[in-house]
Amino acid sequence: MAETTTRRQPATEFAGLLGQLPADTADREAITVEMPYTGDELGTVPAHTAADVRAATDRAADAQESWADRSFDERAAVIKRYHDLVLDDQAELLDLVQRESGKSRRAAYEEVLDIAITSRYYAYHGDEHIESRRRAGAIPFLTKTVEHHHPKGVVGIISPWNYPLTLSVSDAIPALLAGNTVVLKPATETPFTALRAVSLLREAGLPEEVLQVVTGRGSTIGTPLIENSDYLMFTGSTETGKAVAEQAGHHLIDCSMELGGKNPLLVFDDADLDRTVEGAVRGAFTNAGQLCISLERFYVQSGIREEFERRFVDAVEDLKLGTSLDYEPDVGSLASAEQLEKVQSHVEDARERGARVLTGGQARPDVGPYFYEPTVLADVTDEMSVASEETFGPVVSIHEFEGPREGIALANDSERGLNASVWTENSELGHAVAERIECGTVNINEGYVATWASVDAPMGGMKESGLGRRHGREGIMKYTDSQTVAEQRLAPIAAPSGVPDDLYTTGMTAALRALKRMPGFR
Ligand code: NAD
(Lines give C-alpha, C1' and ligand atoms only; values in the text may rest on other atoms or scores of the structure.)
Protein backbone atom coordinates (compact mmCIF):
# COMPACT_ATOMS: atom_id res chain seq x y z
CA MET A 1 0.00 0.00 0.00
CA ALA A 2 1.39 3.42 -0.95
CA GLU A 3 2.19 5.70 1.94
CA THR A 4 0.26 8.83 2.82
CA THR A 5 2.17 11.90 1.80
CA THR A 6 -0.46 14.46 2.73
CA ARG A 7 0.33 16.55 5.76
CA ARG A 8 -1.24 19.26 7.80
CA GLN A 9 -0.44 22.55 6.15
CA PRO A 10 0.36 25.81 7.89
CA ALA A 11 -2.60 28.24 7.82
CA THR A 12 -0.58 30.63 5.70
CA GLU A 13 -0.28 28.13 2.84
CA PHE A 14 -3.35 29.44 1.08
CA ALA A 15 -2.95 33.13 1.90
CA GLY A 16 -2.26 33.84 -1.80
CA LEU A 17 -5.35 31.95 -2.88
CA LEU A 18 -7.58 33.66 -0.31
CA GLY A 19 -6.32 36.93 -1.82
CA GLN A 20 -8.36 36.00 -4.92
CA LEU A 21 -11.58 36.53 -2.93
CA PRO A 22 -13.38 39.89 -2.77
CA ALA A 23 -11.47 42.35 -0.55
CA ASP A 24 -12.65 42.98 3.04
CA THR A 25 -14.45 39.66 3.43
CA ALA A 26 -11.71 37.84 5.34
CA ASP A 27 -13.40 38.38 8.73
CA ARG A 28 -16.52 36.36 7.87
CA GLU A 29 -17.27 33.15 9.76
CA ALA A 30 -14.62 30.56 8.84
CA ILE A 31 -15.59 27.34 7.04
CA THR A 32 -13.15 24.47 7.52
CA VAL A 33 -12.07 22.55 4.45
CA GLU A 34 -11.08 18.96 5.14
CA MET A 35 -8.48 16.67 3.53
CA PRO A 36 -10.37 13.43 2.87
CA TYR A 37 -7.18 11.33 2.81
CA THR A 38 -6.62 11.94 6.51
CA GLY A 39 -9.61 13.89 7.85
CA ASP A 40 -7.23 16.74 8.79
CA GLU A 41 -7.94 20.39 8.14
CA LEU A 42 -6.65 21.76 4.83
CA GLY A 43 -7.52 25.37 5.56
CA THR A 44 -10.46 27.71 6.06
CA VAL A 45 -12.42 30.03 3.77
CA PRO A 46 -14.87 32.80 4.68
CA ALA A 47 -18.60 32.05 4.67
CA HIS A 48 -19.70 34.90 2.43
CA THR A 49 -23.03 36.59 3.07
CA ALA A 50 -25.89 37.50 0.77
CA ALA A 51 -24.57 41.09 0.76
CA ASP A 52 -21.11 39.84 -0.32
CA VAL A 53 -22.71 38.00 -3.22
CA ARG A 54 -24.68 41.07 -4.28
CA ALA A 55 -21.52 43.19 -4.14
CA ALA A 56 -19.75 40.63 -6.38
CA THR A 57 -22.60 40.47 -8.92
CA ASP A 58 -22.77 44.32 -8.96
CA ARG A 59 -19.05 44.51 -9.72
CA ALA A 60 -19.45 41.84 -12.38
CA ALA A 61 -22.34 43.77 -13.95
CA ASP A 62 -20.27 47.00 -14.00
CA ALA A 63 -17.35 45.21 -15.66
CA GLN A 64 -19.39 43.33 -18.25
CA GLU A 65 -19.74 46.00 -20.94
CA SER A 66 -16.03 46.73 -21.23
CA TRP A 67 -15.21 42.99 -21.27
CA ALA A 68 -17.79 42.45 -24.03
CA ASP A 69 -16.37 45.43 -25.94
CA ARG A 70 -13.11 43.56 -26.42
CA SER A 71 -12.91 41.52 -29.59
CA PHE A 72 -13.43 37.76 -29.44
CA ASP A 73 -9.74 37.33 -30.32
CA GLU A 74 -8.64 39.45 -27.34
CA ARG A 75 -10.80 37.38 -24.99
CA ALA A 76 -9.59 34.16 -26.61
CA ALA A 77 -5.93 35.20 -26.11
CA VAL A 78 -6.52 35.06 -22.33
CA ILE A 79 -7.98 31.55 -22.58
CA LYS A 80 -5.12 30.35 -24.82
CA ARG A 81 -2.60 31.57 -22.22
CA TYR A 82 -4.68 29.90 -19.51
CA HIS A 83 -4.51 26.60 -21.42
CA ASP A 84 -0.69 26.75 -21.32
CA LEU A 85 -0.51 27.82 -17.67
CA VAL A 86 -2.72 24.91 -16.56
CA LEU A 87 -0.54 22.42 -18.43
CA ASP A 88 2.67 24.03 -17.09
CA ASP A 89 1.34 24.14 -13.54
CA GLN A 90 -0.21 20.68 -13.54
CA ALA A 91 1.98 19.08 -10.85
CA GLU A 92 0.98 21.65 -8.23
CA LEU A 93 -2.65 21.63 -9.39
CA LEU A 94 -2.86 17.84 -9.21
CA ASP A 95 -1.42 17.86 -5.67
CA LEU A 96 -4.06 20.35 -4.60
CA VAL A 97 -6.96 18.54 -6.29
CA GLN A 98 -5.89 15.28 -4.65
CA ARG A 99 -5.46 16.79 -1.20
CA GLU A 100 -8.75 18.66 -1.30
CA SER A 101 -10.96 15.98 -2.91
CA GLY A 102 -9.19 12.74 -1.94
CA LYS A 103 -9.19 11.43 -5.49
CA SER A 104 -6.47 9.42 -7.24
CA ARG A 105 -3.95 11.32 -9.36
CA ARG A 106 -5.27 9.70 -12.56
CA ALA A 107 -8.78 11.03 -11.83
CA ALA A 108 -7.25 14.43 -11.01
CA TYR A 109 -5.39 14.43 -14.33
CA GLU A 110 -8.73 14.06 -16.16
CA GLU A 111 -9.54 17.53 -14.86
CA VAL A 112 -6.39 19.06 -16.36
CA LEU A 113 -7.15 17.27 -19.62
CA ASP A 114 -10.70 18.60 -19.66
CA ILE A 115 -9.61 22.19 -19.09
CA ALA A 116 -7.05 21.98 -21.90
CA ILE A 117 -9.53 20.47 -24.37
CA THR A 118 -12.32 22.90 -23.47
CA SER A 119 -10.05 25.96 -23.54
CA ARG A 120 -8.59 25.01 -26.92
CA TYR A 121 -11.97 24.22 -28.47
CA TYR A 122 -13.77 27.40 -27.44
CA ALA A 123 -10.77 29.73 -27.90
CA TYR A 124 -10.39 28.54 -31.50
CA HIS A 125 -14.01 27.73 -32.43
CA GLY A 126 -16.26 29.69 -30.07
CA ASP A 127 -16.65 32.63 -32.46
CA GLU A 128 -17.86 30.36 -35.29
CA HIS A 129 -20.91 29.61 -33.13
CA ILE A 130 -21.79 33.08 -31.92
CA GLU A 131 -20.72 35.41 -34.71
CA SER A 132 -23.47 37.36 -36.47
CA ARG A 133 -24.83 35.61 -39.56
CA ARG A 134 -27.23 36.25 -42.43
CA ARG A 135 -30.49 34.27 -42.29
CA ALA A 136 -33.07 33.73 -44.98
CA GLY A 137 -35.26 36.84 -45.13
CA ALA A 138 -39.07 36.86 -45.16
CA ILE A 139 -39.13 37.81 -48.84
CA PRO A 140 -36.14 36.88 -51.01
CA PHE A 141 -34.09 39.98 -52.03
CA LEU A 142 -36.48 42.33 -50.21
CA THR A 143 -35.78 41.35 -46.61
CA LYS A 144 -32.20 41.37 -45.29
CA THR A 145 -32.17 39.38 -42.04
CA VAL A 146 -29.26 39.06 -39.62
CA GLU A 147 -28.98 36.98 -36.43
CA HIS A 148 -26.80 38.38 -33.62
CA HIS A 149 -25.79 36.90 -30.28
CA HIS A 150 -25.34 39.19 -27.31
CA PRO A 151 -23.90 38.15 -23.96
CA LYS A 152 -26.50 37.51 -21.24
CA GLY A 153 -24.64 39.70 -18.74
CA VAL A 154 -23.63 38.15 -15.41
CA VAL A 155 -23.48 34.35 -15.36
CA GLY A 156 -23.76 32.67 -11.95
CA ILE A 157 -22.00 29.29 -11.72
CA ILE A 158 -22.67 26.84 -8.88
CA SER A 159 -20.40 23.79 -8.95
CA PRO A 160 -19.96 20.49 -7.06
CA TRP A 161 -16.98 18.95 -5.27
CA ASN A 162 -16.41 15.81 -7.34
CA TYR A 163 -14.46 17.45 -10.21
CA PRO A 164 -13.57 20.66 -8.39
CA LEU A 165 -11.08 22.01 -10.94
CA THR A 166 -12.87 21.43 -14.20
CA LEU A 167 -16.47 21.96 -13.10
CA SER A 168 -15.55 25.34 -11.60
CA VAL A 169 -13.91 26.77 -14.69
CA SER A 170 -14.71 24.73 -17.81
CA ASP A 171 -18.25 26.08 -17.93
CA ALA A 172 -16.96 29.59 -17.27
CA ILE A 173 -14.71 29.52 -20.36
CA PRO A 174 -17.47 29.71 -23.04
CA ALA A 175 -19.40 32.18 -20.85
CA LEU A 176 -16.37 34.51 -20.72
CA LEU A 177 -15.59 34.10 -24.41
CA ALA A 178 -19.17 35.07 -25.25
CA GLY A 179 -18.60 38.37 -23.40
CA ASN A 180 -20.23 37.62 -20.05
CA THR A 181 -18.77 38.18 -16.63
CA VAL A 182 -19.01 35.39 -14.08
CA VAL A 183 -19.56 34.94 -10.33
CA LEU A 184 -18.59 31.43 -9.26
CA LYS A 185 -19.71 29.61 -6.13
CA PRO A 186 -17.62 26.44 -5.83
CA ALA A 187 -18.68 23.57 -3.58
CA THR A 188 -18.21 24.28 0.12
CA GLU A 189 -15.90 21.24 0.34
CA THR A 190 -13.48 22.25 -2.46
CA PRO A 191 -12.98 26.04 -2.68
CA PHE A 192 -9.16 26.08 -2.82
CA THR A 193 -8.97 24.20 -6.12
CA ALA A 194 -11.42 26.67 -7.66
CA LEU A 195 -9.41 29.59 -6.24
CA ARG A 196 -6.20 28.20 -7.72
CA ALA A 197 -7.89 27.78 -11.11
CA VAL A 198 -9.10 31.38 -10.96
CA SER A 199 -5.69 32.68 -9.91
CA LEU A 200 -4.26 31.08 -13.08
CA LEU A 201 -6.96 32.74 -15.18
CA ARG A 202 -5.97 36.09 -13.67
CA GLU A 203 -2.32 35.32 -14.35
CA ALA A 204 -3.38 34.69 -17.96
CA GLY A 205 -4.75 38.23 -18.10
CA LEU A 206 -8.38 37.98 -16.98
CA PRO A 207 -9.42 41.18 -15.14
CA GLU A 208 -10.36 40.54 -11.51
CA GLU A 209 -13.97 41.73 -11.74
CA VAL A 210 -14.66 39.58 -14.80
CA LEU A 211 -14.59 36.34 -12.80
CA GLN A 212 -15.09 36.51 -9.05
CA VAL A 213 -15.39 33.72 -6.53
CA VAL A 214 -17.71 33.67 -3.53
CA THR A 215 -17.33 30.95 -0.92
CA GLY A 216 -19.85 29.55 1.50
CA ARG A 217 -22.85 27.31 1.86
CA GLY A 218 -25.25 26.86 -1.01
CA SER A 219 -28.22 27.21 1.33
CA THR A 220 -27.07 30.75 2.26
CA ILE A 221 -25.54 32.21 -0.88
CA GLY A 222 -27.22 30.13 -3.57
CA THR A 223 -30.42 32.22 -3.60
CA PRO A 224 -28.75 35.65 -3.78
CA LEU A 225 -26.52 34.40 -6.58
CA ILE A 226 -29.54 33.16 -8.56
CA GLU A 227 -31.47 36.39 -7.87
CA ASN A 228 -28.63 38.59 -9.13
CA SER A 229 -27.49 36.62 -12.17
CA ASP A 230 -28.73 36.86 -15.76
CA TYR A 231 -28.08 33.16 -16.40
CA LEU A 232 -27.39 30.26 -14.06
CA MET A 233 -25.08 27.30 -14.75
CA PHE A 234 -25.64 24.64 -12.09
CA THR A 235 -23.89 21.30 -11.69
CA GLY A 236 -24.87 19.10 -8.77
CA SER A 237 -27.49 16.70 -7.50
CA THR A 238 -30.94 16.32 -9.02
CA GLU A 239 -32.54 17.24 -5.67
CA THR A 240 -30.71 20.58 -5.33
CA GLY A 241 -31.04 21.17 -9.08
CA LYS A 242 -34.83 21.07 -8.88
CA ALA A 243 -34.86 23.72 -6.11
CA VAL A 244 -32.36 25.88 -8.01
CA ALA A 245 -34.28 25.61 -11.31
CA GLU A 246 -37.48 26.64 -9.52
CA GLN A 247 -35.79 29.81 -8.28
CA ALA A 248 -34.33 30.53 -11.71
CA GLY A 249 -37.83 30.11 -13.16
CA HIS A 250 -39.25 32.50 -10.57
CA HIS A 251 -36.77 35.16 -11.69
CA LEU A 252 -37.30 34.26 -15.35
CA ILE A 253 -33.65 33.61 -16.01
CA ASP A 254 -32.52 30.77 -18.21
CA CYS A 255 -30.45 28.01 -16.67
CA SER A 256 -28.45 24.90 -17.45
CA MET A 257 -28.82 22.01 -15.02
CA GLU A 258 -26.17 19.27 -15.12
CA LEU A 259 -27.49 16.77 -12.60
CA GLY A 260 -27.08 13.22 -11.34
CA GLY A 261 -27.24 9.90 -13.18
CA LYS A 262 -27.83 6.20 -12.60
CA ASN A 263 -25.91 5.15 -15.64
CA PRO A 264 -26.26 1.79 -17.43
CA LEU A 265 -23.61 -0.31 -19.17
CA LEU A 266 -24.68 -2.97 -21.69
CA VAL A 267 -22.39 -5.83 -22.75
CA PHE A 268 -23.43 -7.92 -25.76
CA ASP A 269 -22.32 -11.53 -26.31
CA ASP A 270 -19.90 -10.55 -29.09
CA ALA A 271 -18.02 -7.91 -27.06
CA ASP A 272 -14.23 -8.03 -26.85
CA LEU A 273 -13.98 -8.98 -23.18
CA ASP A 274 -10.42 -7.71 -22.63
CA ARG A 275 -11.43 -4.20 -23.74
CA THR A 276 -14.81 -4.43 -22.04
CA VAL A 277 -13.45 -5.38 -18.64
CA GLU A 278 -10.81 -2.64 -18.74
CA GLY A 279 -13.38 -0.04 -19.84
CA ALA A 280 -15.99 -1.20 -17.35
CA VAL A 281 -13.53 -0.97 -14.44
CA ARG A 282 -12.53 2.57 -15.49
CA GLY A 283 -16.14 3.55 -16.17
CA ALA A 284 -17.27 2.43 -12.72
CA PHE A 285 -14.37 3.20 -10.38
CA THR A 286 -12.72 6.38 -11.70
CA ASN A 287 -12.77 8.86 -8.84
CA ALA A 288 -14.10 6.01 -6.65
CA GLY A 289 -17.36 6.17 -8.63
CA GLN A 290 -17.96 9.82 -7.68
CA LEU A 291 -18.46 10.86 -11.27
CA CYS A 292 -21.84 11.93 -12.63
CA ILE A 293 -21.30 9.81 -15.77
CA SER A 294 -19.97 6.82 -13.83
CA LEU A 295 -21.58 3.43 -14.62
CA GLU A 296 -23.54 1.84 -11.77
CA ARG A 297 -25.98 -0.57 -13.49
CA PHE A 298 -24.39 -3.36 -15.56
CA TYR A 299 -26.51 -5.46 -17.94
CA VAL A 300 -24.68 -8.41 -19.52
CA GLN A 301 -26.09 -10.67 -22.24
CA SER A 302 -26.68 -14.20 -20.99
CA GLY A 303 -24.10 -15.90 -23.26
CA ILE A 304 -21.13 -14.16 -21.59
CA ARG A 305 -22.57 -13.21 -18.23
CA GLU A 306 -20.56 -15.76 -16.24
CA GLU A 307 -17.26 -15.12 -17.98
CA PHE A 308 -17.67 -11.33 -17.83
CA GLU A 309 -18.56 -11.50 -14.15
CA ARG A 310 -15.53 -13.65 -13.31
CA ARG A 311 -13.07 -11.49 -15.25
CA PHE A 312 -14.57 -8.23 -14.05
CA VAL A 313 -14.43 -9.28 -10.39
CA ASP A 314 -10.79 -10.39 -10.83
CA ALA A 315 -9.91 -7.01 -12.33
CA VAL A 316 -11.72 -5.14 -9.54
CA GLU A 317 -9.80 -7.13 -6.93
CA ASP A 318 -6.54 -6.01 -8.54
CA LEU A 319 -7.33 -2.31 -7.99
CA LYS A 320 -5.00 -0.62 -5.51
CA LEU A 321 -6.37 1.85 -2.97
CA GLY A 322 -4.05 4.55 -1.72
CA THR A 323 -3.40 8.12 -0.72
CA SER A 324 -0.11 8.98 -2.37
CA LEU A 325 0.30 12.04 -4.57
CA ASP A 326 1.47 10.00 -7.57
CA TYR A 327 0.03 7.60 -10.17
CA GLU A 328 0.54 4.47 -8.03
CA PRO A 329 -2.96 4.00 -6.51
CA ASP A 330 -5.87 3.20 -8.84
CA VAL A 331 -8.61 4.34 -6.50
CA GLY A 332 -8.64 7.18 -3.99
CA SER A 333 -10.88 8.10 -1.10
CA LEU A 334 -14.52 9.01 -0.99
CA ALA A 335 -14.80 12.74 -0.50
CA SER A 336 -16.42 12.92 2.93
CA ALA A 337 -18.04 11.12 5.86
CA GLU A 338 -21.41 11.84 4.22
CA GLN A 339 -20.35 10.05 1.02
CA LEU A 340 -19.05 7.06 2.98
CA GLU A 341 -22.32 6.86 4.91
CA LYS A 342 -24.37 6.86 1.69
CA VAL A 343 -22.26 4.13 0.08
CA GLN A 344 -22.38 1.99 3.22
CA SER A 345 -26.14 2.39 3.54
CA HIS A 346 -26.73 1.34 -0.10
CA VAL A 347 -24.58 -1.78 0.27
CA GLU A 348 -26.02 -2.73 3.68
CA ASP A 349 -29.59 -2.28 2.44
CA ALA A 350 -28.81 -4.48 -0.59
CA ARG A 351 -27.15 -7.13 1.58
CA GLU A 352 -30.08 -7.23 4.03
CA ARG A 353 -32.55 -7.66 1.16
CA GLY A 354 -30.65 -10.58 -0.36
CA ALA A 355 -28.04 -9.20 -2.75
CA ARG A 356 -24.77 -11.11 -3.08
CA VAL A 357 -21.51 -9.21 -2.64
CA LEU A 358 -19.16 -10.62 -5.29
CA THR A 359 -16.26 -8.52 -4.07
CA GLY A 360 -15.66 -5.54 -1.77
CA GLY A 361 -18.43 -4.34 0.49
CA GLN A 362 -16.25 -2.95 3.30
CA ALA A 363 -15.00 0.42 4.46
CA ARG A 364 -11.20 0.65 4.65
CA PRO A 365 -10.28 2.90 7.58
CA ASP A 366 -6.83 1.30 7.51
CA VAL A 367 -6.17 3.28 4.28
CA GLY A 368 -8.00 6.49 5.19
CA PRO A 369 -11.13 7.53 7.10
CA TYR A 370 -13.46 7.58 4.04
CA PHE A 371 -12.05 4.78 1.89
CA TYR A 372 -14.43 2.09 0.64
CA GLU A 373 -13.59 -1.02 -1.35
CA PRO A 374 -14.61 -1.23 -5.01
CA THR A 375 -17.73 -3.35 -4.74
CA VAL A 376 -19.64 -5.61 -7.12
CA LEU A 377 -23.17 -6.80 -6.31
CA ALA A 378 -25.38 -9.47 -7.89
CA ASP A 379 -29.05 -10.39 -7.32
CA VAL A 380 -30.00 -6.73 -6.87
CA THR A 381 -33.78 -6.25 -6.98
CA ASP A 382 -35.99 -3.21 -7.52
CA GLU A 383 -36.83 -2.54 -3.86
CA MET A 384 -33.14 -2.05 -2.95
CA SER A 385 -32.02 1.59 -2.83
CA VAL A 386 -28.91 0.73 -4.88
CA ALA A 387 -31.16 -0.35 -7.78
CA SER A 388 -32.52 3.10 -8.59
CA GLU A 389 -30.82 5.76 -6.44
CA GLU A 390 -27.50 7.23 -7.51
CA THR A 391 -24.88 5.72 -5.15
CA PHE A 392 -22.13 8.06 -6.37
CA GLY A 393 -19.54 5.64 -5.04
CA PRO A 394 -17.55 2.52 -5.99
CA VAL A 395 -20.53 0.16 -6.21
CA VAL A 396 -21.96 -1.61 -9.27
CA SER A 397 -24.66 -4.23 -9.66
CA ILE A 398 -24.61 -6.89 -12.40
CA HIS A 399 -27.81 -8.06 -14.10
CA GLU A 400 -28.48 -10.30 -17.11
CA PHE A 401 -30.47 -9.79 -20.32
CA GLU A 402 -31.33 -11.98 -23.29
CA GLY A 403 -31.67 -9.78 -26.39
CA PRO A 404 -31.23 -6.12 -27.47
CA ARG A 405 -34.89 -5.23 -26.84
CA GLU A 406 -34.70 -6.36 -23.21
CA GLY A 407 -31.27 -4.75 -22.73
CA ILE A 408 -32.57 -1.39 -24.00
CA ALA A 409 -35.70 -1.61 -21.81
CA LEU A 410 -33.58 -2.31 -18.71
CA ALA A 411 -31.18 0.52 -19.52
CA ASN A 412 -34.14 2.90 -19.88
CA ASP A 413 -35.80 1.74 -16.65
CA SER A 414 -34.61 4.78 -14.68
CA GLU A 415 -35.78 8.31 -13.93
CA ARG A 416 -32.27 9.49 -14.83
CA GLY A 417 -30.80 9.72 -18.33
CA LEU A 418 -27.25 11.05 -18.24
CA ASN A 419 -24.73 8.61 -19.72
CA ALA A 420 -24.66 5.02 -21.03
CA SER A 421 -22.06 2.60 -22.35
CA VAL A 422 -22.60 -0.17 -24.94
CA TRP A 423 -20.06 -2.92 -25.71
CA THR A 424 -20.24 -4.92 -28.93
CA GLU A 425 -18.02 -5.72 -31.92
CA ASN A 426 -21.02 -5.08 -34.18
CA SER A 427 -20.90 -1.35 -34.90
CA GLU A 428 -24.34 -1.36 -36.54
CA LEU A 429 -25.90 -2.99 -33.47
CA GLY A 430 -24.01 -0.62 -31.17
CA HIS A 431 -25.35 2.49 -32.93
CA ALA A 432 -28.90 1.11 -33.23
CA VAL A 433 -28.98 0.32 -29.50
CA ALA A 434 -27.34 3.64 -28.56
CA GLU A 435 -29.99 5.67 -30.38
CA ARG A 436 -32.74 3.95 -28.38
CA ILE A 437 -31.17 4.60 -25.00
CA GLU A 438 -32.68 7.58 -23.21
CA CYS A 439 -29.41 9.23 -22.16
CA GLY A 440 -27.80 12.48 -23.28
CA THR A 441 -24.52 10.67 -24.06
CA VAL A 442 -23.95 7.06 -25.12
CA ASN A 443 -20.44 5.63 -25.54
CA ILE A 444 -19.83 2.59 -27.73
CA ASN A 445 -16.87 0.45 -26.60
CA GLU A 446 -15.91 3.08 -24.01
CA GLY A 447 -17.31 4.03 -20.60
CA TYR A 448 -17.60 7.82 -20.64
CA VAL A 449 -14.50 9.54 -22.01
CA ALA A 450 -15.31 9.30 -25.74
CA THR A 451 -18.43 11.46 -25.48
CA TRP A 452 -17.15 13.74 -22.73
CA ALA A 453 -13.95 14.56 -24.57
CA SER A 454 -15.78 15.12 -27.90
CA VAL A 455 -16.22 18.76 -26.89
CA ASP A 456 -17.53 19.77 -30.33
CA ALA A 457 -20.70 17.77 -29.50
CA PRO A 458 -23.27 18.58 -26.80
CA MET A 459 -23.20 16.84 -23.41
CA GLY A 460 -25.96 16.76 -20.80
CA GLY A 461 -28.84 14.84 -19.34
CA MET A 462 -32.26 13.62 -20.42
CA LYS A 463 -35.12 12.99 -17.94
CA GLU A 464 -34.15 13.97 -14.36
CA SER A 465 -30.47 14.26 -15.25
CA GLY A 466 -30.78 17.82 -16.37
CA LEU A 467 -31.74 20.67 -18.63
CA GLY A 468 -29.57 22.27 -21.30
CA ARG A 469 -26.17 21.18 -22.53
CA ARG A 470 -22.49 21.98 -22.11
CA HIS A 471 -19.90 21.62 -24.92
CA GLY A 472 -20.26 22.29 -28.64
CA ARG A 473 -22.52 24.95 -30.11
CA GLU A 474 -25.11 24.65 -27.33
CA GLY A 475 -22.39 25.10 -24.70
CA ILE A 476 -21.65 28.68 -25.78
CA MET A 477 -24.94 29.75 -27.43
CA LYS A 478 -26.75 29.31 -24.11
CA TYR A 479 -24.73 32.19 -22.65
CA THR A 480 -26.13 34.56 -25.27
CA ASP A 481 -29.43 36.20 -26.10
CA SER A 482 -30.18 35.85 -29.78
CA GLN A 483 -31.40 38.91 -31.62
CA THR A 484 -32.89 39.09 -35.09
CA VAL A 485 -32.55 42.29 -37.10
CA ALA A 486 -34.44 42.44 -40.41
CA GLU A 487 -34.30 45.31 -42.90
CA GLN A 488 -37.19 45.55 -45.35
CA ARG A 489 -36.11 47.00 -48.71
CA LEU A 490 -38.10 48.57 -51.57
CA ALA A 491 -41.56 47.20 -50.78
CA PRO A 492 -43.39 46.35 -47.53
CA ILE A 493 -44.74 42.88 -46.62
CA ALA A 494 -48.21 44.31 -47.11
CA ALA A 495 -50.20 45.70 -49.99
CA PRO A 496 -48.19 48.60 -51.51
CA SER A 497 -50.13 51.86 -51.45
CA GLY A 498 -52.70 52.03 -54.19
CA VAL A 499 -52.82 48.24 -54.66
CA PRO A 500 -56.19 46.77 -53.56
CA ASP A 501 -56.01 44.03 -50.94
CA ASP A 502 -57.65 41.36 -53.16
CA LEU A 503 -55.07 41.96 -55.90
CA TYR A 504 -52.22 41.89 -53.35
CA THR A 505 -53.41 38.64 -51.69
CA THR A 506 -53.93 36.96 -55.09
CA GLY A 507 -50.40 37.91 -56.16
CA MET A 508 -48.97 36.91 -52.79
CA THR A 509 -50.71 33.52 -52.91
CA ALA A 510 -49.26 32.85 -56.37
CA ALA A 511 -45.79 33.85 -55.10
CA LEU A 512 -46.10 31.51 -52.07
CA ARG A 513 -47.06 28.62 -54.38
CA ALA A 514 -44.05 29.37 -56.61
CA LEU A 515 -41.62 29.61 -53.70
CA LYS A 516 -42.60 26.13 -52.48
CA ARG A 517 -41.69 24.75 -55.92
CA MET A 518 -38.25 26.44 -55.95
CA PRO A 519 -35.68 24.43 -53.91
CA GLY A 520 -33.49 27.48 -53.26
CA PHE A 521 -36.34 29.38 -51.55
CA ARG A 522 -38.09 26.71 -49.46
P1 NAD B 1 -25.13 19.29 -4.46
O2 NAD B 1 -26.36 19.44 -5.24
O3 NAD B 1 -25.24 18.93 -3.02
O4 NAD B 1 -24.25 20.61 -4.49
C5 NAD B 1 -23.87 21.22 -5.71
C6 NAD B 1 -23.63 22.71 -5.47
O7 NAD B 1 -24.87 23.30 -5.09
C8 NAD B 1 -22.65 23.00 -4.34
O9 NAD B 1 -21.86 24.13 -4.69
C10 NAD B 1 -23.57 23.35 -3.18
O11 NAD B 1 -22.95 24.19 -2.22
C12 NAD B 1 -24.69 24.08 -3.92
N13 NAD B 1 -25.97 24.13 -3.20
C14 NAD B 1 -26.41 23.32 -2.22
N15 NAD B 1 -27.63 23.72 -1.80
C16 NAD B 1 -27.98 24.79 -2.55
C17 NAD B 1 -29.11 25.63 -2.63
N18 NAD B 1 -30.16 25.45 -1.84
N19 NAD B 1 -29.13 26.63 -3.54
C20 NAD B 1 -28.07 26.81 -4.38
N21 NAD B 1 -26.96 26.06 -4.34
C22 NAD B 1 -26.91 25.05 -3.46
O23 NAD B 1 -24.23 18.22 -5.24
P24 NAD B 1 -22.83 17.63 -4.81
O25 NAD B 1 -23.04 16.66 -3.71
O26 NAD B 1 -21.84 18.74 -4.61
O27 NAD B 1 -22.39 16.88 -6.15
C28 NAD B 1 -22.72 15.58 -6.43
C29 NAD B 1 -23.88 15.52 -7.42
O30 NAD B 1 -23.57 16.28 -8.57
C31 NAD B 1 -24.16 14.11 -7.92
O32 NAD B 1 -25.53 13.90 -7.97
C33 NAD B 1 -23.56 14.12 -9.33
O34 NAD B 1 -24.14 13.17 -10.19
C35 NAD B 1 -23.85 15.52 -9.75
N36 NAD B 1 -22.93 15.93 -10.82
C37 NAD B 1 -23.45 16.11 -12.07
C38 NAD B 1 -22.59 16.45 -13.12
C39 NAD B 1 -23.10 16.61 -14.53
O40 NAD B 1 -22.37 17.13 -15.35
N41 NAD B 1 -24.31 16.20 -14.85
C42 NAD B 1 -21.23 16.61 -12.88
C43 NAD B 1 -20.75 16.42 -11.59
C44 NAD B 1 -21.63 16.08 -10.57
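Predicted model, so just to flag it, every value in this text is computed and none were measured. Numbering of residues begins from 1 in every chain and follows the order in which that chain's sequence is written. Thresholds applied to this predicted model are a pLDDT of at least 70 for local features of residues and 80 or more for the giving and counting of side-chain atom pairs; totals over whole chains, interfaces and linings are not thresholded and use all residues. Note that water and hydrogens are dropped before the side-chain values are worked out from all heavy atoms of the structure.

A look at the side chain of Ser294
Helix and strand assignments follow DSSP, with helices taken as H or I runs no shorter than four residues and strands as E runs no shorter than two, numbered in order from the N terminus. Among the secondary structure elements, Ser294 is positioned in the loop between α11 (273-285) and β11 (295-301). Here Gly283 takes part through its backbone oxygen, which lies 3.3 Å from a polar atom of the side chain of Ser294. Among the polar contacts listed, one links the side chain of Ser294 to the backbone oxygen of Ala284, at a separation of 3.3 Å. Other than its neighbours up to four places away in sequence, Ser294 contacts Asn263, Gly283, Ala284 and Gly289. Residues adjacent in sequence count toward polar contacts only when both atoms are side-chain atoms; beyond that, a polar contact is any pair of N or O atoms within 3.5 Å, and within protein one must be able to donate a hydrogen and the other to accept it. A contact between two residues is defined here by any heavy atoms of the two lying within 4.5 Å.

Focus: the site of the ligand
Consider each residue's heavy atoms; a residue with any of them within 4 Å of a molecule or strand counts as near. By nearness alone, 26 residues border the ligand, and Ser159, Ser237, Leu259, Glu390 and Arg470 come closest of all. Contacts to the ligand include Gly236, whose backbone N or O atom sits 3.2 Å from an oxygen atom. With respect to the ligand, the side chain of Thr240 contributes an N or O atom lying 2.9 Å from an oxygen atom. Coverage of the ligand by the protein amounts to 85% of the 850 Å² it exposes when considered alone. Only α9 (218-227), β8 (231-235) and α10 (238-250) provide two or more residues apiece to the shell around the ligand. Any residue that is not Ala, Val, Leu, Ile, Met, Phe, Trp, Tyr, Cys, Pro, Asp, Glu, Lys or Arg is counted as polar, Gly included; the first ten are nonpolar and the last four charged. Along the lines of polarity and charge, the residues of the shell around the ligand split into 12 nonpolar, 10 polar and four charged. The start and end points of each domain follow an automatic or database-based domain assignment. When residues are assigned to domains, the shell around the ligand turns out to be shared by domain 1 (29-131 + 143-259) and domain 2 (263-465), each giving three or more. Exposure was quantified through the Shrake-Rupley algorithm and a 1.4 Å probe, taking into account, for residues, occlusion by the shown protein chains and nothing else.

Examining the domain arrangement of the chain
Examined at the domain level, the chain breaks down into domain 1 (29-131 + 143-259) and domain 2 (263-465). Facing the 33 residues of domain 1 at the interface are 39 residues of domain 2. Buried area between domain 1 and domain 2, summed over both chains or domains, comes out near 2700 Å², and the portion from carbon and sulfur atoms is 53%. The quantity reported as buried area is the accessible area (1.4 Å probe) lost by two parts once they are put together, taken as the sum for both. The three residues of domain 1 that bury the most area against domain 2 are Tyr37, Arg106 and Trp161, which together make up 21% of that side's buried surface. Any Lys or Arg side-chain nitrogen found within 4 Å of a carboxyl oxygen on Asp or Glu counts as a salt bridge. At the boundary of domain 1 and domain 2, one finds three salt bridges. With a closest N to O distance of 3.2 Å, Arg106 and Asp330 form a salt bridge. Remark: the boundary between domain 1 and domain 2 carries 14 residue pairs in polar contact (both at pLDDT 80 or more). With 10 residues, helix α5 (residues 105-130) is the largest single contributor of residues to the side of domain 1 that touches domain 2. Its residues assigned to classes, the side of domain 1 that touches domain 2 comprises 12 nonpolar, 10 polar and 11 charged.

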